[in-house]
Amino acid sequence: MRITVDMNLCESHGQCVFAAPEVFSFDDEQLYHEPAVDDALRDRVVSAAAACPARAIALSPGNTLT
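Not measured: the values here are computed from a predicted model.

The rules we used
Residues numbered from 1 in each chain as written. Predicted model: local features only at pLDDT ≥ 70, side-chain atom pairs only at ≥ 80, totals over all residues. Heavy atoms only, no water. Salt bridge = Lys/Arg side-chain N within 4 Å of Asp/Glu carboxyl O. Helix = DSSP H or I, 4+ residues; strand = E, 2+ residues; numbered from the N terminus. pLDDT = per-residue confidence, 0-100. Contact = heavy atoms within 4.5 Å.

Draft legend 1. Quick look at the pattern of salt bridges. Counting across every chain of the model gives one salt bridge. Across the salt bridge formed by R44 and E22, the nearest N and O atoms sit 3.3 Å from each other. Within this pair, whereas R44 is found in helix α2 (residues 42-51), its partner E22 is found in the loop between α1 (15-19) and β2 (24-26), the two being separated by 22 residues in sequence.

Structure (structure tokens):
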């Protein structure tokens, strides 16, 4: 699964971090995320995207992990 975060939409609510801390994190200035995750984290990432009040997280099929 590929993850894209539109930083122009992100309002730093942090709901994604609560839903999937293995994938999303904040420092003092911005959100960081893994660009791709394997299927083991799929449910958590889908929950994180759904929890985003700004709808800044887009998910697409595919995986660049080897």
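Now that the structure has been shown, the text picks up again.
Draft legend 2. Examining the confidence of the model for the protein more closely. Averaged over every residue, the pLDDT of the protein is 90; residues scoring 70 or more account for 94%. Confidence, expressed as mean pLDDT per element, reaches its minimum in the protein at strand β3 (residues 31-33) with 91 and its maximum at α1 with 96.

Draft legend 3. Molecular detail of the environment of L41. Counting through the fold element by element, L41 comes out in the loop between β3 and α2. Aside from chain neighbours lying at most four places away, what touches L41 is E22 and V23.

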